[in-house]
Number of protein chains: 2
Amino acid sequence: MQVKSMNDLFLNTLRDIYYAEKQIYKNLPKMAKAAASPELKQAFEKHRDETEQQIERLELVFEQFGASPRSIRCEAMDGIIAEAKESMGEVEDEAVCDAALIASAQTIEHYEIARYGTLIAWADRLGKKEASKLLGETLEEEKKTDRLLTDLAESKVNQDATA
Amino acid sequence: MQVKSMNDLFLNTLRDIYYAEKQIYKNLPKMAKAAASPELKQAFEKHRDETEQQIERLELVFEQFGASPRSIRCEAMDGIIAEAKESMGEVEDEAVCDAALIASAQTIEHYEIARYGTLIAWADRLGKKEASKLLGETLEEEKKTDRLLTDLAESKVNQDATA
């Protein structure tokens, strides 16, 4: 699609993260199933519920821009998820698998942190305050999830994996 | 490759980021060429020099682990770079293209921030202090680059792109 303005660029990037969030929503149950630690399983399950709300928020943002929600394939998230799946399949030990799952989940979170940070800055420049607020709520959730995963890794999973 | 221990997982992830850094090194000149803003062009050129040093640091980390430097394909970075290239090709306006370039570069930086954060935590658990220190230097550079890109976007590029 030809991008002629910041408005076009914003919408294209919104379609990219809309696709990405849907892929994440589809794959989080697989990651929860693969997790051995109950805390990690629960973290993935909780983040799946959050992701459902984040998808709804994106639909509200499309509305703010007078556009229908539409996905475009996000090659970055496809690559990140393919890598996460590959990593899950390679590890035999349960605790080491949990460490690998957290690492993969953090690459997912960081892609989202980058994307939402960008979308917020653009929404602000385009004068879309309500859209910026909605995207800001999601950004905070992604950052919180990333921190939670770091805490889980450092307080328990990495210790078990090197025991 | 079968992963049986945290040491294996560390090395596999090191091979992944080694591949990713080499891809970034190869693609940064294309991004610098596509940038219209002299400051952005310069930021990409500077980061290319840093990336060269980061690759050398990774080679030292391989050495700390008694392994030869080796890449394994990083599907995540391939996807992120494919998306960056696609985005470059879609935008006509120079200032909007710069905004898109910064957005893409920040998805690259955030992948690296996630990966280096993980590798540092694992190196610490594995008692590899020198490796952890080397990876920490790179992590700081990636975070600094990400902040510099945000500043450039907010102080100039996003304003020009919505003018």
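That block above? That's the structure.
Residues numbered from 1 in each chain as written. Chains lettered and ligands numbered in written order. Predicted model: local features only at pLDDT ≥ 70, side-chain atom pairs only at ≥ 80, totals over all residues. Heavy atoms only, no water.

**Digging into the overall build of chain A**
We apply this condition: A run of H or I in DSSP counts as a helix once it spans at least four residues, and a run of E counts as a strand once it spans at least two, with each numbered from the N terminus. Note that the radius of gyration is over C-alpha atoms, with the globule rule given as 2.2 Å times the number of residues to the power 0.38. Here the term buried applies to any residue with accessible area under 20% of the maximum for its type, exposed to any over 50%, and partly exposed to those in between, with areas from a 1.4 Å probe on protein chains only. We call two residues in contact whenever any of their non-hydrogen atoms come within 4.5 Å of each other. All accessible-area figures derive from a Shrake-Rupley calculation using a 1.4 Å probe, and residue coverage is judged against the displayed protein chains alone. By the counting scheme adopted, Arg and Lys are positive, Glu and Asp are negative, and His together with the chain ends is not counted. Lys charges are placed at NZ, Arg charges at CZ, Asp charges at CG and Glu charges at CD.
A tally of regular secondary structure across chain A gives five helices and zero strands. Listing every helix and strand of chain A by position from the N terminus yields α-α-α-α-α. On C-alpha atoms alone, chain A measures out to a radius of gyration of 17 Å, which is about the 15 Å that the 2.2 N^0.38 rule sets for 163 residues. Overall, the C-alpha framework of chain A stretches about 55 × 25 × 20 Å when taken along its three principal axes. In chain A, which comprises 163 residues, the proportion classed as buried is 58%. A separation of at least 24 residues holds for 78% of the contacts in chain A among residues at least 6 apart in sequence. When the accessible surface of chain A is split by element, carbon and sulfur atoms take 47% of a total near 6900 Å². If the 22 positive side-chain charges of chain A are averaged to one point and the 32 negative ones to another, these points end up 7 Å apart.

**Some details on the relation of the copies chain B and chain A**
Which entries qualify depends on this criterion: Here the copies are matched by least squares. The fit uses the C-alpha atoms of residues with pLDDT of at least 70 in both.
Turning chain B through 180 degrees and shifting it by 0.0 Å along the axis lays it on chain A, with an RMSD of 0.0 Å. As the rotation angle and translation indicate, the two copies are arranged about a two-fold axis. Mapped onto chain A, 100% of the interface residues of chain B are again interface residues, and the two copies thus contact each other with one and the same surface.

**Regarding the layout of surface pockets**
Just so we agree on the cut-off: Points on a 1 Å grid over protein atoms alone make up a cavity when a 1.4 Å probe fits among them but cannot get out, and a pocket when they form an open set with protein on both sides within 12 Å along at least five of seven lines; lining residues each have an atom within 4 Å of a point. Grid points are joined across faces, edges and corners, and a volume is the space filled by probe spheres set on the points. Gly falls in the polar group here, along with every residue not listed as nonpolar (Ala, Val, Leu, Ile, Met, Phe, Trp, Tyr, Cys, Pro) or charged (Asp, Glu, Lys, Arg).
In this structure, the largest pocket encloses a volume near 390 Å³. Lining the largest pocket are 22 residues, and of these B:Gln106, B:His110, B:Asp146, B:Arg147 and B:Thr150 lie nearest its centre. Elements that contribute at least two residues to the lining of the largest pocket include exactly helix 4 (94-125) and helix 5 (129-161) of chain A together with helix 4 (94-125) and helix 5 (129-161) of chain B. Its residues assigned to classes, the lining of the largest pocket shows ten nonpolar, seven polar and five charged. Reported here for the second largest pocket is a volume of approximately 300 Å³. Surrounding the second largest pocket, 19 residues form its lining, A:Gln106, A:Thr150, B:Ala114, B:Gly117 and B:Thr118 being those nearest its centre.

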